[in-house]
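Structural overview for review
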Amino acid sequence: MENYKAIIEALILTSETPLTLEKIYAVLNDIEKSEVKNTLQQLIAEYEERQSGIYLVEVAGGFQFRTRPELSPWVKKLKGTKPASLSPAALETLAIVAYRQPIVKAEIEDIRGVDVSAPLKGLLEKKLVRIVGRKDVPGKPIIYGTTKKFLEVFNLRDLSELPTLRELKELNEQKEVEAIEEISDS
Amino acid sequence: MENYKAIIEALILTSETPLTLEKIYAVLNDIEKSEVKNTLQQLIAEYEERQSGIYLVEVAGGFQFRTRPELSPWVKKLKGTKPASLSPAALETLAIVAYRQPIVKAEIEDIRGVDVSAPLKGLLEKKLVRIVGRKDVPGKPIIYGTTKKFLEVFNLRDLSELPTLRELKELNEQKEVEAIEEISDS
Amino acid sequence: MADETTGYAIKLDIFEGPLDLLLYLIKKNEIDIYNIPVALVTEQYLEYLKIIKSLNLDLAGEYLVMASTLIHIKSKMLLPAPDELSEEEKEEDPRSELVRQLLEYQAFKEAATALQGRQLLERDVFTRSAPLDDDIEKATEDEDELIEVNVFELIDAFHRLVSRIDKKEYLKIDLEKMSLTDIINDVMERLNCEKNLTFEELLGEETDRRRIVYTFLAILELIKLKMIKAYQTSAFGVIRIFPAVES
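Keep in mind that what you see is a predicted model, and the values were worked out from it rather than measured.

So, on to the overall build of chain C. Across its full length, chain C carries 9 helices and 3 strands. Counting all 247 residues of chain C, 41% fall into the buried class. Contacts in chain C between residues far apart in sequence, at least 24 positions, make up 52% of those at least 6 positions apart. Roughly 14,400 Å² of accessible area belongs to chain C as shown, and the carbon and sulfur atoms make up 54% of that amount.

To describe two helices that pack against each other, one gives the angle between their axes and the distance between the axes. Residue and element names in this part refer to chain C. It is the contact of helix α2 (residues 38-54) with helix α3 (residues 61-78), at a shortest axis distance of 9 Å, that shows an interaxial angle of 155°. If you check the angle between α2 and α3, you find them roughly antiparallel. Considering only the axes of α2 and α3, their crossing is left-handed. Of the residues in α3, those touching α2 at Val38, Ala39, Thr42, Tyr45, Leu46 and Leu49 are Tyr63, Leu64, Met66, Ala67, Leu70, Ile71, Ile73, Lys74 and Met77. By residue class, the composition of the contact of α2 with α3 is 13 nonpolar, 1 polar and 1 charged.

A few words on the packing of helix α4 (residues 72-80) of chain A against helix α1 (residues 4-14) of chain B. Running from N to C, α4 of chain A and α1 of chain B cross one another at 45°; their axes reach a closest spacing of 9 Å. Here α4 of chain A lies oblique to α1 of chain B, going by the angle between them. Our pair here, α4 of chain A against α1 of chain B, has a crossing hand that is right-handed. On α1 of chain B, the residues that touch Trp74, Val75, Leu78 and Lys79 of chain A of α4 of chain A are Ile7, Ala10, Leu11 and Thr14 of chain B. Classifying every residue of the contact of α4 of chain A with α1 of chain B gives 6 nonpolar, 1 polar and 1 charged.

At the interface, 57 residues of chain B touch 40 residues of chain C. Between chain B and chain C lies a buried interface of about 4,500 Å² when both sides are counted; carbon and sulfur atoms form 61% of it. Broken down residue by residue, the surface that chain B buries against chain C is led by Glu92, Ile111 and Phe154 of chain B, which jointly contribute 11%. At the junction of chain B with chain C, the criterion picks out 5 salt bridges. Where Glu16 of chain C meets Arg112 of chain B, a salt bridge forms, and the shortest distance between an N and an O atom there is 2.9 Å. Across the chain B-chain C interface, the total number found is 12 residue pairs in polar contact (both at pLDDT 80 or more). It is helix α5 (residues 88-100) of chain B that provides the largest number of residues to the side of chain B that touches chain C, a total of 9 residues. In terms of residue class, the side of chain B that touches chain C is built from 26 nonpolar, 11 polar and 20 charged.

Moving on, we come to the sheet that holds strand β2 (residues 228-232) of chain C. Residues and elements named next belong to chain C. Taking strand neighbours across the sheet as the criterion, the 3 strands line up as β1-β3-β2 in an open arrangement whose pairing is antiparallel. The sheet is open, and its two borders are formed by β1 (197-198) and β2, each paired with just one other strand. Pairing of β2 with strand β3 (residues 239-243), which is carried by 5 bridges, proceeds in the antiparallel orientation. For Tyr231, the partnering residue across the bridge sits in β3 and is Arg240. Where helix α7 (residues 175-194) meets the sheet, it contacts β1, β2 and β3, and its direction lies at approximately 85° from that of β3.

For Gln44 of chain C, the position within the fold is in helix α2. Discounting residues that sit within four places of it in the chain, Gln44 of chain C has contacts with Leu25, Lys28 and Asn29 of chain C.

So, about helix α7 (residues 117-125) of chain A. All names here are of chain A. For α7, every residue scored as buried is listed here: Pro119, Leu120 and Leu123. All buried residues of α7 project into a common sector of 100° when viewed along the axis, lining one side. Every exposed residue of α7 that faces more than 90 degrees away from the buried side is listed here: Ala118, Lys121 and Glu125. Two residues or fewer after α7 comes Lys127, characterised by a positive phi angle close to 65°.

Generally speaking, soluble globular proteins have nonpolar side chains that are buried together. One finds Phe150 and Leu162 of chain A, Phe154 of chain B together with Leu154 of chain C to be the most contacted residues of the largest nonpolar core, which totals 79 residues. Residues within four places of Leu162 of chain A in sequence aside, it is in contact with Ala98, Tyr99, Phe150 and Leu156 of chain A, Arg134 of chain B together with Val151, Leu154 and Met178 of chain C. Ranked by size, the runner-up nonpolar core spans 56 residues in total, among them Phe65 of chain A together with Leu13, Leu28 and Ile44 of chain B.

Residues and elements named next belong to chain C. The final tally for this structure, using the stated rule, is 11 aromatic pairs over all chains. Summarising the aromatic geometry, the rings of Phe15 and Tyr24 are spaced 5.2 Å apart at their centres and angled 55° between planes, so their arrangement reads as tilted. On the accessibility criterion, Tyr24 (34% relative accessible area) is partly exposed. An angle of 85° between the planes, with centres 6.1 Å apart, marks the rings of Phe15 and Tyr48 as edge-to-face. Taken together, the residues Phe15 in the segment before α1 (18-28) and Tyr48 in helix α2 connect sequence positions 33 residues apart.

Our focus in this paragraph is unusual backbone geometry. Residue Pro102 of chain A is bonded to the preceding Gln101 of chain A through a cis peptide linkage, with omega at -5°. Its place among the elements puts Pro102 of chain A in the loop between α5 (88-100) and β3 (103-104). The residue Asn155 of chain A is not glycine, and still its phi comes out positive at about 55°. For Asn155 of chain A, the location among the structural elements is in the loop between α8 (148-153) and α9 (165-172). For Lys127 of chain B, which is not glycine, the phi torsion reads 60° and is therefore positive.

Residue and element names in this part refer to chain B. Spatial strand order, β3-β5-β4: 3 strands in an open sheet with antiparallel pairing. Two strands close off the open sheet at either side, each with one partner strand: β3 (103-104) and β4 (129-134). Examined bridge by bridge, β4 and strand β5 (residues 142-146) share 5 bridges and lie antiparallel to one another. By the bridge assignment for β5, Arg134 is matched with Ile142. Contacts between α5 and the sheet are confined to β3, β4 and β5, with β5 contributing the most and set at about 95° to the helix. On top of the sheet, helix α7 (residues 117-125) reaches β4 and β5; it is set at about 105° to β4, its chief contact.

Basis of the calculations
- Residues numbered from 1 in each chain as written.
- Chains lettered and ligands numbered in written order.
- Predicted model: local features only at pLDDT ≥ 70, side-chain atom pairs only at ≥ 80, totals over all residues.
- Heavy atoms only, no water.
- Helix = DSSP H or I, 4+ residues; strand = E, 2+ residues; numbered from the N terminus.
- Buried < 20%, exposed > 50% of the residue type's maximum accessible area, 1.4 Å probe, protein only.
- Contact = heavy atoms within 4.5 Å.
- Areas by Shrake-Rupley, 256 points an atom, 1.4 Å probe, with all protein chains shown as cover.
- Axes fitted to C-alpha atoms, helices over the stretch in contact; angles between N-to-C directions.
- Parallel < 35°, antiparallel > 145°, perpendicular 65-115°, else oblique.
- Left-handed = near helix turned anticlockwise from the far one by under 90°.
- Nonpolar A, V, L, I, M, F, W, Y, C, P; charged D, E, K, R; others polar.
- Buried area = accessible area lost by both parts, 1.4 Å probe.
- Salt bridge = Lys/Arg side-chain N within 4 Å of Asp/Glu carboxyl O.
- Polar contact = N/O pair within 3.5 Å; in protein donor to acceptor, adjacent residues only side chain to side chain.
- Pairing = 2+ DSSP bridges.
- Arc of directions from axis to C-beta.
- Core = buried A, V, L, I, M, F, W, Y, C linked by side-chain atoms within 4.5 Å.
- Phe/Tyr/Trp six-rings, centres within 6.5 Å; stacked < 30°, edge-to-face > 60°.

Nothing here speaks to function; it is geometry throughout.
Below you can see the structure in the form of structure tokens.
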């Protein structure tokens, strides 16, 4: 006999949304529905009894592991240390500034084809981009460049360590030869 | 006294990547480091003993809950998708980077005897390999290394957990045999 | 063309390259890798290349390079009889470099197989994949927030942009340009602090010729971009540079 309890526990852990009874039935198609329900109650009771940091809860029509509410201060503290990622818009804007600096906003927008006010503001707040100066042309536009923190985040000694487009293109091209005339006769 | 075990268990569950000791220390700043380590060992043993569907594993420099390998058929059935696997070319390239890092592309190609552009790009996209910097030789080629995700995916605590290469052993043995032969000849 | 994501390829891709083909021949003939009969292996190797050719499949150039290496070794082995050689020459087996390469490659092939045999995430073992609880918001907006992104993502993003807009002038990014940008950034940073500078002040103790040339080029570039202004007090007096717009 299979260890249904272990299987159900594994399924709950890996499910992206609260795991519904229907999904459990579909995976374990040879098991009685009442047995699934009993096993789930057993699991809930076990986690309750252990008084651990995790509990199994029935939520949104399914089952899910959650951290105990009283532990939320620590969980929140951990979230504070979670690295943020950049949105695609921010990443593209940052790439333009990094490779084309010193650059003004209009030039970034010319390349991206859309307004970049929001991503640019975010990058300034994250201190990845800074104001380098102003250009002495009508409107005196602000010039942007990257910061020391930018180098730190990307683990670069200086900007010349950035990979070039040619190097990226080289990775896209696989060398091949078709003819083997020369050797086939030897 | 706080229930440290419950807190650590909750932190591991909520962390998206293996939870490092450093992060635990940062969240629980008033606790002895040795106590954190003991608690983790205790938790690992508890999950081992329960023989449940989940186990706690030390991987990629941190701790993570994972489903037991023998349950993978059911989890796969739930997910319904086939996991993307690496081609032999990508795996060989990855093995070379893992053992010989930091390494430049030309060195990988020397070992494999073929162009590695395509597999290398695939590994960069999958975030199993990363750009480490540039080598200070003419042409300043890009240096590659493996990522934390590589350790996570291949279930390694750190790089030192990689098994020794057979070639090294064998080449050394061969040298020894030759040395002995030379001695016996003279 | 080989498709990296599927791992399937139409070209004779049972072999990962010439070394892989050689290892196969060695195994097939039950040859001692330390004592390869080069004539036999070369013959079979060329035979395989002919098959590939007859199937009209693309062949990586590396296969041809290996073919000529094999022929070269074969001819060297045919030359003088071993006992006519001195001790020193004897040690120099023409096959030794190839053997070393084969052993090294074989070791990595095995290492690759070993990696594949581990308990792989998302194949053998799985982790929690539910998104983080919605009710727990991020605690504080940290001033010195950690950001997780790598250089490859950056160049890849830039590449996507460039291919989208198809403006060739944006392709002109090379090490030289980025080195110049480094210095442009330095100059602007110093000007922000010190308001105005002479070329000599800018260089300071610098004696590296390359750095001096680059600094000069950086100033010319900044003047062209109308980001700085340069003034000379007299015909041969010192040149002083200022930010083009006072901050």
